[in-house]
Amino acid sequence: NAGVMQNPRHLVRRRGQEARLRCSPMKGHSHVYWYRQLPEEGLKFMVYLQKENIIDESGMPKERFSAEFPKEGPSILRIQQVVRGDSAAYFCASSPFQTLGNTIYFGEGSWLTVV
Amino acid sequence: KQEVTQIPAALSVPEGENLVLNCSFTDSAIYNLQWFRQDPGKGLTSLLLIQSSQREQTSGRLNASLDKSSGRSTLYIAASQPGDSATYLCAVEETSGSRLTFGEGTQLTVNP
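Residues numbered from 1 in each chain as written. Chains lettered and ligands numbered in written order. Predicted model: local features only at pLDDT ≥ 70, side-chain atom pairs only at ≥ 80, totals over all residues. Heavy atoms only, no water.

Working definition: the strands of a sheet are paired by backbone hydrogen bonds and lie parallel or antiparallel to each other. Residue and element names in this part refer to chain A. The antiparallel open sheet is built from four strands, whose spatial order is S1-S3-S8-S7. Sheet topology places strand S1 (5-7) and strand S7 (65-68) at the edges, where each strand pairs with a single neighbour. Strand-to-strand twist of the sheet, defined as the mean angle between neighbouring strand axes without regard to direction, takes the value 15 degrees. One ladder, built from three bridges, connects S1 with strand S3 (residues 19-24); its direction is antiparallel. (Pairing = 2+ DSSP bridges. Helix = DSSP H or I, 4+ residues; strand = E, 2+ residues; numbered from the N terminus. Axes fitted to C-alpha atoms, helices over the stretch in contact; angles between N-to-C directions.)

Laid out in structure tokens, this is it:
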């Protein structure tokens, strides 16, 4: 059973470009979470999705950021018109349950650098 | 709003030493508390989970305690080894939702 798969692992974008980060949850997991880790900071919750539904997006910046988890395929975190402050590690996690406990598994992250 | 704080931010110890990492949280209405390990450039690995009704959990050389009423948890690492070098993150799951709130981590270096 493969773990949570994120790609790309590393992404460089120029200011103003778009970044798309993909996350394939573990098999059997229908709950997906995105977290952001800024340099020298802890992980911050961004969004919680189930298939075709955004459950909690209270941690998402109001503009330029969007997320989806379609019926088929990976979850996508999309950042439009990137700025230098978006440079961070973006972690996806998945769980088979809504209550996480120790059933949450993290991917190895996508490291975005905006130049 | 829940806030999680970890002290110290960084710790360097010689191999073999026993050590304690501290975590505090402001809102005691938590469902559980979890300690993670993060290696550079990698994701997070869950080490120990303590349910809100529990006082401690142990796994090998690791022991985590929880005092929910005072908003504190400690992670005790016995007989530290260079392979323990990593960043240790404390996270709480709140009863109000399915999200984890993380501390900023303690960066541990164990010197041979």
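Structure shown, so let's carry the discussion forward.
Further remarks concern the interface of chain A and chain B. At the junction of the two partners, chain A supplies 22 residues and chain B supplies 18 residues. In total, chain A and chain B occlude about 1,700 Å² of area from one another, counting both sides; carbon and sulfur atoms represent 54% of this. Along the contact surface separating chain A from chain B lie one salt bridge. In this structure, the salt-bridge partner of arginine 99 of chain B is aspartate 56 of chain A, at a minimum N-O distance of 3.2 Å. Our enumeration of links across chain A and chain B arrives at five residue pairs in polar contact (both at pLDDT 80 or more). Listing elements by their share of the side of chain A that touches chain B, those giving two or more residues are strand S4 (31-37) and strand S5 (43-50) of chain A. By residue class, the composition of the side of chain A that touches chain B is 10 nonpolar, eight polar and four charged. (Contact = heavy atoms within 4.5 Å. Buried area = accessible area lost by both parts, 1.4 Å probe. Salt bridge = Lys/Arg side-chain N within 4 Å of Asp/Glu carboxyl O. Polar contact = N/O pair within 3.5 Å; in protein donor to acceptor, adjacent residues only side chain to side chain. Nonpolar A, V, L, I, M, F, W, Y, C, P; charged D, E, K, R; others polar.)

What follows is about the side chain of asparagine 32 of chain B. Here asparagine 32 of chain B shows up in strand S4 (residues 30-38). Here the side chain of asparagine 32 of chain B touches glutamate 93 of chain B through a polar contact of 2.9 Å, side chain to side chain.

Glancing now at unusual backbone geometry. Looking along the chain, the bond that leaves asparagine 7 of chain A and enters proline 8 of chain A is cis, with omega of 0 degrees. By secondary structure assignment, the location of proline 8 of chain A is in the loop between S1 and strand S2 (10-13). A cis amide bond, omega -5 degrees, links isoleucine 7 of chain B with the succeeding residue proline 8 of chain B. Turning to its location among the elements, proline 8 of chain B is positioned in the loop between strand S1 (4-7) and strand S2 (10-14). Unlike most non-glycine residues, arginine 64 of chain A shows phi in positive territory, near 75 degrees. Residue placement: arginine 64 of chain A occurs in the loop between strand S6 (53-56) and S7. The exposure class of arginine 64 of chain A is partly exposed, given its relative accessible area of 25%. Unlike most non-glycine residues, glutamine 81 of chain A shows phi in positive territory, near 50 degrees. (Buried < 20%, exposed > 50% of the residue type's maximum accessible area, 1.4 Å probe, protein only.)

A few words on the sheet that holds strand S7 (residues 62-67) of chain B. Residue and element names in this part refer to chain B. Ordered by their spatial adjacency, five strands build an open sheet running S1-S3-S8-S7-S6, and the pairing between neighbours is antiparallel. Looking along the sheet, the strands with just one partner apiece sit at the ends: S1 and strand S6 (56-59). Each adjacent strand pair in this sheet contributes to an overall mean axis angle of 15 degrees, direction not counted. Where S6 meets S7, four bridges bridge the pair, whose relative direction is antiparallel. Bridge pairing in S7 links serine 59 to leucine 62.

A few words on the pattern of salt bridges. All names here are of chain A. This structure, assessed with the given rule, holds seven salt bridges over all chains. Here arginine 20 makes a salt bridge to glutamate 18, at a shortest N to O gap of 2.8 Å. Between arginine 64 and aspartate 86 there is a salt bridge, with the nearest N and O atoms lying 2.7 Å from each other. You can see arginine 64 sitting in the loop between S6 and S7 and its partner aspartate 86 sitting in the loop between strand S8 (75-79) and strand S9 (88-95), a full 22 residues away along the chain. Through salt bridges with shared partners, one network takes in Glu18, Arg20 and Arg78.

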